[in-house]
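Structural overview
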Amino acid sequence: MNTTPAIARALLVSLCCLALSPLHATTASRTSPDGAISFVVSDEGGMPSYTVTYRGQEVIRKSALGLEFKDVDGFVRDLQIAAQSNTSSDSTWEQPWGEQRLVRDQHNELLVTFAGAHNPRKLLRLRVRLFDDGLGFRYEVPEQKGLSKQRDGRLEIIDEKTEFALPTPDKTTAWWIGSYSWKSYEQLYRTTPLAALDRADTPFTCRLPSGVHVSIHEAALVDYASMTLDQRRDGVLKADLIPWHDGIRVKTRLGFRTPWRTVQISPDAAGLINSRLILNLNEPNKLGDVSWVHPGKYVGIWWGMHVGTYTWGSGPKHGATTANAKRHIDFAAEHGFGSVLVEGWNVGWDGDWFGNGDVFSFTKSMPDFDLAEVARYGASKGVHLIGHHETSGSVTNYRNQMGAALDLYKRHGVTQVKTGYVADGGTVRHTDEKGILRQEWHDGQFMVNEYLYSVTEAAARHISVDTHEPVKDTGLRRTYPNWLTREGARGQEYNAWGSPPNPPEHTVLLAFTRLLAGPMDYTPGLFNLAPNGLAAENRVQGTLAKELALYVVLYSPVHMAADLIENYVEPDGKTTKPGFQFIVDVPTDWESSRAVAGEVGDYVAIARQERNGPDWYLGAITDEFARELVLPLDFLAPGRSYEAQIYRDGPLTHWRTRPNDLVCEKRVVTAQDRLEFRLADSGGVAIRFRAMK
Ligand code: NOJ
């Protein structure tokens, strides 16, 4: 990753030691580079707090700050602002892969030091960064005497006091999923007045009555517990850190810092998607040369298990056979897919695999699967095998084999692994150092560390990771670019199970909520949208054009063509079906990306320019309502003509009755044109703009 020289770096340090007076509140403040966002910190009453305004309007009312520790007095009361300093920075950095190659990081920073009112040596720092698209702040607890009772500085956090007090909870609309769910993040998003929320995961999105959109999340979640939000009083969302099995939130040592608490602010919904704030608040690449990390598209032995065509376990329907894997490799090679995922290749799937965590082997193949031969065959055709490690939430069993399992993959040229942690919320199992079996949440500190450990172990072998049942994304792909993508929301698989399937608004909501965190392995691209008939519950509640548009709308550097490969081909066994060409063409690595229109949960349109090429792509999708969309093409390069290859809903398309009606047409357009479309009920449009000579 290259960090380009700072465009301008103005260092303005105004360190002013302030008189500590318990009678007068001291404040420290800073604005965003464009002046629109203002952040004010105060020590009024000895309790640290902050407020945020946007274009003069209060976005976060007075909200508490602080940390509480076990057995020692933490940072909650009797605190005073002792010092403050300002810096500014404007630089541009390059992503090795991503939705945007060059990312501008322009921010103003405020560093506030709180000291104990009666003990000036007791120190807490609050570092605040203000960007034009929002802000982040984090706590830093420097090494100091008297704060830990342990020689080695160990500390246990039992509560984080941070609040986000949003105004007008009755008139603010919130889009959210609940925290502490047995389904973890795999829930349907709810649309409610803010006042109706109890506990929510982040990213949490809301719209204030003024139309301003706000997203609360966190960046750089490392060695800490995930922050969830708990509405304690009207509109006051309090940080609720996911605890360990013993109730402690975070086990740390003096000299630690928390993840960034982030507030993205935009005058409209699309602006949230265009924000790069989460990435900007993460550390630069720690892996050095990552030319071995490959974005791309894949097919696989996967959907067949979910719809019952195959089984993971052994038997007549076992999907992961050598012959079937080779058949998929042939298809991938013929149609330009870089890799093939094979699930169910290893020993341990027989019986109820949900409960098989302790019996999975990650090095032994099923008798009808020859890993070496499949990998060799793939390599001969330029196709990589994507490895698969399902742990069923038994982390110790995986840990014990992880090194050998990744070594095995490395030996066979496997450069990407999909990991899985299927387990109900709060029941990820591990054996602690005393040999006692413990159960944890997927997003507590234990698992935060476990996921990152798997990513760094994989990196050491030049293997990339796609985590399913993950902890939420907080932008760590910047620091560890081999952490390609993850699940972390209801994916396509729910449409196979129908329990219930993803409703028409689901993917539209994902774009403004889950996807604000980072890439998602949703696995789009089904052509057989209703394998059990149009009336069945387990089917896709959307049109074929919408499936195609998801490749652009839902960013991921690796995207699957999820359907059974035979469903992409006409009965002649050779000709591919209309629309398949879009999946073949669409890139997964972008020069730039821009949400051009949208309203949360209603519709969204996103345009992206391919990396290393002049072509643009556009995806637009709608919820259960058909709608007319007028799209100005001003994102295209001026003065250039493009052939727009359009895949859209037809006049009779409807997700319930005629989901596969797809119109494929071509037009010549320029940046001055506007395209008008009718998206069907739960429909979409996918376009490749091929630059003409
Ligand atoms: C759940 C994952 O999301 C899915 O993709 C996978 O097929 C199963 N677990 C089995 O690992």
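Residues numbered from 1 in each chain as written. Predicted model: local features only at pLDDT ≥ 70, side-chain atom pairs only at ≥ 80, totals over all residues. Heavy atoms only, no water.

Structural notes on the overall build of the chain
- Counting its regular elements, the chain contains 11 helices and 38 strands.
- Against the globule reference of 26 Å for 693 residues, the chain gives a C-alpha radius of gyration of 25 Å, in line with a compact fold.
- Counting across all 693 residues of the chain, residues that qualify as buried make up 63%.
- A sequence separation of at least 24 residues applies to 71% of the contacts in the chain between residues at least 6 apart.
- Side chains of the chain give 75 positive and 84 negative charges; the mean places of these two sets differ by 3 Å. (Helix = DSSP H or I, 4+ residues; strand = E, 2+ residues; numbered from the N terminus. Rg over C-alpha atoms; globule rule 2.2 N^0.38 Å. Buried < 20%, exposed > 50% of the residue type's maximum accessible area, 1.4 Å probe, protein only. Contact = heavy atoms within 4.5 Å. Lys, Arg positive; Asp, Glu negative; His and termini not counted. Charge placed at Lys NZ, Arg CZ, Asp CG, Glu CD.)

Remarks on the sheet that holds strand E31 (residues 590-599)
- Spatially, the six strands line up as an open sheet ordered E31-E32-E33-E38-E35-E36, and their pairing is antiparallel. The open sheet has two edge strands, E31 and strand E36 (662-669), and neither has a second partner. The average angle at which neighbouring strand axes cross in this sheet is 15°, direction not considered.
- Taken together, the seven bridges between strand E32 (residues 603-610) and strand E33 (residues 616-622) define a ladder with antiparallel strand orientation. If you follow tyrosine 603 over to E33, its bridge partner there is threonine 622. (Pairing = 2+ DSSP bridges. Axes fitted to C-alpha atoms, helices over the stretch in contact; angles between N-to-C directions.)

Digging into the packing of helix H4 (residues 322-335) against helix H5 (residues 371-380)
- Direction vectors running N to C along H4 and H5 enclose 15°, while the axes themselves pass 10 Å from each other. Compared by their axis directions, H4 and H5 come out roughly parallel. Here H4 and H5 pass one another in a crossing that is right-handed. In this structure, H4 contributes Thr322, Ala325, Lys326, Ile329 and Asp330 to the contact, and H5 contributes Glu373, Val374, Tyr377 and Gly378.
- Residues belonging to the contact of H4 with H5 are distributed by class as follows: four nonpolar, two polar and three charged. (Parallel < 35°, antiparallel > 145°, perpendicular 65-115°, else oblique. Left-handed = near helix turned anticlockwise from the far one by under 90°. Nonpolar A, V, L, I, M, F, W, Y, C, P; charged D, E, K, R; others polar.)

Observations concerning the domain arrangement of the chain
- Domain boundaries in the chain define domain 1 (5-280), domain 2 (283-488) and domain 3 (505-515 + 533-693).
- Placing a centre on the C-alpha atoms of domain 1 and another on those of domain 2 gives a separation of 34 Å.
- With 35 residues of domain 1 in contact, the opposing surface of domain 2 contributes 34 residues.
- Summed over both sides, the interface of domain 1 with domain 2 buries roughly 2,900 Å², with 55% coming from carbon and sulfur.
- Of all residues in domain 1, Trp97, Tyr185 and His245 give up the largest surface area on contact with domain 2, accounting jointly for 27% of the area buried on that side.
- Summed over the shared surface of domain 1 and domain 2, the number is three salt bridges. (Domains from an automatic or database assignment. Buried area = accessible area lost by both parts, 1.4 Å probe. Salt bridge = Lys/Arg side-chain N within 4 Å of Asp/Glu carboxyl O.)

A few points about the side chain of arginine 461
- Structurally, arginine 461 can be placed in the loop between helix H7 (445-459) and strand E28 (464-468).
- Take arginine 461: its relative accessible area is 14%, and that puts it in the buried class.
- At 2.9 Å, the side chain of arginine 461 forms a polar contact with the backbone oxygen of glutamate 457.
- Leave out the neighbours within four places in its chain, and arginine 461 touches Gly403, Leu406, Asp407 and Lys410. (Polar contact = N/O pair within 3.5 Å; in protein donor to acceptor, adjacent residues only side chain to side chain.)

Thoughts on the sheet that holds strand E29 (residues 483-486)
- Strands sit in the order E29-E28-E25-E24-E23-E22-E30 across an open sheet of seven strands; the sheet is parallel. What marks the edges here is a single partner per strand, and that holds for E29 and strand E30 (558-560). Strand-to-strand, the axes of this sheet are offset by a mean angle of 25°, without reference to chain direction.
- In this structure, strand E25 (residues 416-420) lies alongside E28, joined through five bridges in parallel fashion. Counted as the bridge partner of glutamine 416 is serine 464 from E28.
- The sheet strands contacting H7 are E28 and E29, and the helix crosses E28 at an angle near 155°.

Notes on the site of the ligand
- Within the structure, the ligand sits among 14 residues, and Trp302, Glu343, Glu390, Lys418 and His468 are positioned closest to it.
- Between an oxygen atom of the ligand and a side-chain N or O atom of histidine 468, the distance comes to 2.9 Å.
- Considered on its own, the ligand offers 300 Å² of accessible surface; in the complex 97% of this is hidden by protein.
- For the shell around the ligand, the residue count by class is five nonpolar, three polar and six charged. (Near = heavy atom within 4 Å. Areas by Shrake-Rupley, 256 points an atom, 1.4 Å probe, with all protein chains shown as cover.)

Details of the pattern of salt bridges
- Scanning all chains against the criterion turns up 42 salt bridges.
- Residue arginine 127 pairs with glutamate 140 through a salt bridge whose shortest N-O separation is 2.6 Å. Linking arginine 127 in strand E8 (residues 123-131) with glutamate 140 in strand E9 (residues 134-141), this pair joins segments that are 13 residues apart in sequence.
- Looking at glutamate 140, the relative accessible area reads 12%, which means it is buried.
- We note a salt bridge from arginine 658 to aspartate 661, for which the minimum N-O separation is 2.7 Å.
- Bridged by salt links that share partners, the residues Glu68, Asp159, Lys161 and Lys238 form one connected network.

Section: the nonpolar core
- Membership of the largest hydrophobic core comes to 175 residues, with the highest contact counts inside it found for Phe39, Leu126, Phe137, Phe164 and Phe204.
- Once you skip the residues sitting within four places of it in the chain, phenylalanine 39 turns out to touch Ala28, Ser29, Arg30, Tyr50, Thr51, Val52, Leu126, Val128, Leu130, Leu135 and Phe137.
- Among the nonpolar cores identified, the runner-up in size contains 24 residues, and Ala605, Leu631, Leu675 and Phe677 belong to it. (Core = buried A, V, L, I, M, F, W, Y, C linked by side-chain atoms within 4.5 Å.)

What about the packing of aromatic side chains?
- With the rule as written, the count across this model stands at 32 aromatic pairs.
- Note on phenylalanine 39 and phenylalanine 137: the rings are 5.8 Å apart at their centroids and 50° apart in plane angle, and the pair reads as tilted. Here the residue phenylalanine 39 occupies a position in strand E2 (residues 37-42), and phenylalanine 137 occupies one in strand E9, the gap between them amounting to 98 residues.
- Using a relative accessible area of 0% as the deciding quantity, one classes phenylalanine 137 as buried.
- Relative to tyrosine 421, the ring of tyrosine 398 has its centre 6.4 Å away and its plane inclined at 70°; by these criteria the two rings are edge-to-face. Note that tyrosine 398 is positioned in helix H6 (residues 395-411) and tyrosine 421 in the loop between E25 and strand E26 (428-431), a separation of 23 residues in sequence. Tyrosine 421 carries the same exposure label as tyrosine 398, and that label is buried.
- Feature note: the residues Trp312, Trp349, Trp353, Phe354, Phe360, Phe362, Tyr398, Tyr421 and Tyr451 constitute an aromatic cluster, connected by ring pairs.
- The ring of tryptophan 244 has lysine 251 sitting right over it, with the charged end atom 4.5 Å from the ring centre. (Phe/Tyr/Trp six-rings, centres within 6.5 Å; stacked < 30°, edge-to-face > 60°. Lys NZ or Arg CZ within 6 Å of the ring centre and 35° of its normal.)

Here's the deal with the packing of H6 against H7
- At a closest axis distance of 10 Å, the pairing of H6 and H7 adopts a crossing angle of 10°. With respect to H7, the axis of H6 lies roughly parallel. Side by side, H6 and H7 meet where Val395, Arg399, Met402 and Leu406 of the first sit next to Phe446, Met447, Glu450, Tyr453, Ser454, Glu457 and Ala458 of the second.
- Split into classes, the residues belonging to the contact of H6 with H7 amount to seven nonpolar, one polar and three charged.

Re the pairing of strand E6 (residues 79-94)
- Counting buried residues in E6 gives 14 out of 16 residues, a clear majority hidden from the surface.
- As paired strands, E6 and strand E7 (residues 102-116) are joined by 15 bridges and run antiparallel to one another. Bridge assignment links glutamate 94 to a residue of E7, and that residue is leucine 102.

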